[in-house]
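Survey of secondary and tertiary structure
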Amino acid sequence: MAERKLLLLFGSQTGTAQDTAERIGREAKRRHFQCRVEALDSYDVANLINELLVVFVCATTGQGDPPDNMKMFWRFLFRKNLPPGSLCQLDYAVLGLGDSSYPKFNFVAKKLHKRVLQLGGNPLLPVALGDDQHDLGPDAVVDPWLLALWDKILALYPLSPGLEIISPDVRLPPKYTLHYLAEDCPHPDGGLLQPTAPRTVPSELHPFAARMVSNQRVTAESHFQDVRLIEFDVTGSGITFSAGDIVMIQPQNCPEDVQQFCQLLRLDPDRCFVLKPTEPGTSLPALLPQPCTIRHLVTHYLDISCVPRRSFFELLSYFSTNELEREKLQEFSSAQGQEELYSYCNRPRRTTLEALWDFPHTTCAIPPEYLLDLIPRIRPRAFSIASSLLAHPDRIQILMAIVRYKTRLSKPRRGLCSTWLASLNPEQGDVRVPLWVKKGGMKFPADPDTPVIMVGPGTGVAPFRAAIQERVAQGHRGNCLFFGCRQKSKDFYCQAEWEELVTKGFLTLFTAFSRDQ
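Residues numbered from 1 in each chain as written. Predicted model: local features only at pLDDT ≥ 70, side-chain atom pairs only at ≥ 80, totals over all residues. Heavy atoms only, no water.

Quick look at the overall build of the chain
Just so we agree on the cut-off: For helices the rule is a DSSP run of H or I covering at least 4 residues; for strands it is a run of E covering at least 2, with both sets numbered from the N terminus onward. We take the radius of gyration over the C-alpha atoms and set the globule estimate at 2.2 Å times the residue count to the 0.38 power. Only protein chains enter the calculation, and the probe is 1.4 Å; a residue is then buried if its accessible area is under 20% of its type maximum, exposed if over 50%, and partly exposed in between. Every residue pair with non-hydrogen atoms within 4.5 Å of one another is taken to be in contact. The Shrake-Rupley method, run with a 1.4 Å probe, gives the accessible areas here. Residue values count only the displayed protein chains as cover. Think of it this way: Lys and Arg go in the positive column, Asp and Glu in the negative one, and His and the chain ends go nowhere. Charge coordinates come from a single atom per side chain, which is NZ of Lys, CZ of Arg, CG of Asp or CD of Glu.
Helix and strand content of the chain: 15 helices and 20 strands. For a compact globule of 517 residues, the expected C-alpha radius of gyration is about 24 Å, and the chain comes in at 25 Å, within 12% of that figure. Seen through its C-alpha atoms, the chain measures out along the principal axes to roughly 85 × 60 × 50 Å. Sorting the 517 residues of the chain into buried and exposed places 48% on the buried side. Of all intrachain contacts in the chain linking residues separated by at least 6 positions in sequence, the fraction that spans at least 24 positions is 76%. Of the roughly 25,000 Å² of accessible surface on the chain, a fraction of 53% belongs to carbon and sulfur atoms. Averaging the positions of the 57 positive and the 57 negative side-chain charges in the chain gives two centres separated by 3 Å.

Now the structure itself:
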């Protein structure tokens, strides 16, 4: 009997591809496969020649780019010196997640499918092209494709005699078990927020706890939108960047939400626990300290303010002791219930915490060890850096609009990261924000004599402010900026700075104020 092992590799930017890969992983466990689910960049790609069965799930970002967590894999796979038959023993399938309103729709999945084929792989099915624009989202393609995939896989790897597919009525074990420690165990301090002497350049796994220096509103008080210019001190971090680069910020949930969540689930925020993987070979979540408090888990890790996905309702339905609630949860997790789920969750942007409020009997029955299967981790947020190290040494500045809008729900929707950053006041003590920097997609000419035309309306001016500061510090004069906003008196960001550069002959400025004419 061939060994029944399946490897699921995902490239995910916002978490959808990861969520889908984990869903396929659960379906594989129901079919008694030994199954690993890994991000493409945490998998040792040199092992691919030994694999027999792999399903790739990958998103496409920007203009046909691979997600951040598969960039190294991508570079390796397209090396010219890989022999054509190197993957000849591999059976594979590729599931793409994209958006057909972009010209390079599912470009990464198509290119990956073709490349693995070139290297000798044997495709089980044509590439699946999930589309965000479809009324039912990517699931419209994913659901039927998965049914066909399992038919193919079970034909190659039939169930052992006497084994049945585990029924959908049976709850699968959690990824980790949670063990509470004695009440009097010493609390782990929030290790994340201690500024440490960096061992390496700061990254997602080792962010730098930067001190917030200032948090200044740059729109008039009477303006409908609150926009901030925020400055961080990165002295001693080893961080370097140039114009066009991006700062990644790891946000956290507000104390009120954390308290509400703990009350709903009847959790003691001060209890300490350790996690143990249920299956050998599963690694522990990289960003959680061990031991950890419930408060730290909910504040820094669980994304309780994200809009919940279909998989959330599916897992939740297993804990429900209330028939009415269970029926509704099962409907939300069925293929037929997707339109209703969309109008319950996605359209009004209902949060995970609010959804839990609506299912009180189920929520208080959630076993704590399932929290990490139920709720995704908080993703870092990306901001264009709005300053240059040549003008502001050891500093990073960002220009950030606070996300706040109304839907049909009575409470206004708020952006997690912008609301948290806006609430921090560096004048009230030492305020730390975990961050790191990554290369941006925008490149400015190396030749100082090349003039540059920059079009940056609203907060889109941020990367150009960095570029103009950098170019002025280097003595480059050919800088031309087009800036637009609503009113000259209310949201003309950095007005004094631009006017001074115009006077000194470093900048040509064109403005458009849409509400002033």
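Comments concerning the pattern of salt bridges
Quick reminder of the rule: By definition here, a salt bridge exists when the distance from a side-chain nitrogen of Lys or Arg to a carboxyl oxygen of Asp or Glu is within 4 Å.
Taken as a whole, this structure holds 25 salt bridges when the rule is applied. Residue Arg23 is joined to Asp139 by a salt bridge in which the shortest nitrogen-to-oxygen separation is 3.6 Å. Here Arg23 is found in helix H1 (residues 16-30), whereas its partner Asp139 is found in helix H4 (residues 139-156), with 116 residues between them in sequence. Like Arg23, the residue Asp139 is buried in the burial classification. With its nearest N and O atoms 3.5 Å apart, the salt bridge here joins Arg395 to Glu231. Linking Arg395 in strand E14 (residues 395-401) with Glu231 in strand E9 (residues 227-233), this pair joins segments that are 164 residues apart in sequence. Assessed through its relative accessible area of 21%, Arg395 is described here as partly exposed. What emerges from the salt-bridge pattern is a single network uniting Arg23, Glu27, Asp139, Asp143 and Arg310.

A short note on the sheet that holds strand E7 (residues 176-180)
Counted only if it meets this: Strand pairing follows a simple DSSP-based rule, namely that at least 2 bridges must link the two strands.
Judged by pairing direction, the sheet is antiparallel, and its 3 strands sit side by side in the order E7-E11-E12 without closing on themselves. Of all strands in the sheet, those with a lone pairing partner are E7 and strand E12 (292-293), marking the two edges. As judged from the 5 bridges shared by E7 and strand E11 (residues 272-277), these two strands associate in the antiparallel manner. When the sheet's bridge partners are listed, Thr177 is paired in E11 with Lys276.

Looking at the packing of aromatic side chains
Here is the rule: The pairing test for Phe, Tyr and Trp rings, Trp by its six-membered ring, is centres within 6.5 Å, and the orientation test on the planes gives stacked under 30 degrees, edge-to-face over 60, and tilted for anything in between. For a ring to carry a charge above it, either NZ of a lysine or CZ of an arginine must fall within 6 Å of the ring centroid while also lying within 35 degrees of the normal to the ring plane.
For the coordinates displayed, the defined rule picks out 14 aromatic pairs. Taking the centre distance of 5.2 Å and the plane angle of 70 degrees together, the rings of Phe313 and Phe332 count as edge-to-face. Of this pair, Phe313 sits in helix H7 (residues 310-319) while Phe332 sits in helix H8 (residues 323-332), and the two are 19 residues apart along the sequence. One exposure class covers both Phe313 and Phe332, and it is buried. Here the aromatic residues Phe312, Phe313, Phe332 and Tyr344 are joined through ring pairs into a cluster of three or more. The aromatic ring of Tyr180 is capped on one face by Arg271, whose charged end is 4.3 Å from the ring centroid. Positioned above the aromatic ring of Phe506, the side-chain terminus of Arg477 is 4.4 Å from the ring centre.

What about the UniProt feature "domain: FAD-binding FR-type" (unreviewed entry) in the chain?
Stated formally: UniProt positions are given in the numbering used here, feature names are shortened, and annotations may be inferred rather than shown by experiment.
Sites flagged by UniProt as "domain: FAD-binding FR-type" (unreviewed entry) map to residues 205-445. Split by type, residues 205-445 is 29% helix and 21% strand. Its first and last C-alpha atoms lie 32 Å apart.

Brief notes about the pairing of strand E8 (residues 208-217)
Each regular strand shows side chains that alternate between the opposite faces of the sheet. Where E8 meets strand E17 (residues 432-438), 4 bridges bridge the pair, whose relative direction is antiparallel. Residue pairing for E17: Arg211 is matched across the bridge by Arg432. Two strands pair when backbone bridges link them, and E8 and E9 are joined in this way by 6 bridges, in the antiparallel orientation. Across the sheet, Gln216 pairs through a bridge with Leu229, a residue of E9.

Notes on a nonpolar patch on the surface
To keep it simple, the criterion reads: Patches here are clusters of residues that have more than 30% relative accessible area and form no salt bridge, with a 9 Å joining cutoff for like charges and a 5 Å cutoff for nonpolar side chains (Val, Leu, Ile, Met, Phe, Trp, Tyr).
The grouping of Ile453, Val455, Phe482 and Phe510 at the surface amounts to a nonpolar patch, some 400 Å² of accessible area in total. Topologically, Ile453 is positioned in strand E18 (residues 452-455).

A word on the packing of H8 against helix H9 (residues 338-346)
The condition that has to hold: Simply put, an axis is a line fit to the C-alpha atoms, just over the touching stretch for a helix, and the angle between two N-to-C directions goes from 0 to 180 degrees. Each angle is binned into one of four classes, with values under 35 degrees roughly parallel, values over 145 roughly antiparallel, values of 65 to 115 roughly perpendicular, and all other values oblique. Basically, the charged four are Asp, Glu, Lys and Arg, the nonpolar ten are Ala, Val, Leu, Ile, Met, Phe, Trp, Tyr, Cys and Pro, and anything else, Gly included, counts as polar.
Interhelical geometry of H8 versus H9 gives an angle of 105 degrees and a closest axis separation of 8 Å. In terms of axis orientation, H8 runs roughly perpendicular to H9. Counted together, Lys328, Glu331 and Phe332 of H8 and Gln338, Glu340, Leu341 and Tyr344 of H9 form the full contact between these two elements. In the contact of H8 with H9, the residues fall into 3 nonpolar, 1 polar and 3 charged.

A look at unusual backbone geometry
A cis amide bond links Gln290 to the next residue, Pro291, at an omega of -10 degrees. With respect to the secondary-structure elements, Pro291 resides in the loop between E11 and E12. With phi around 60 degrees, His32 is a residue other than glycine that occupies positive phi space. Overall, the relative accessible area of 28% leaves His32 in the partly exposed class. Of note, the phi angle at Asp394 is positive, near 60 degrees, even though the residue is not glycine. Positionally, Asp394 belongs in the loop between strand E13 (381-384) and E14.

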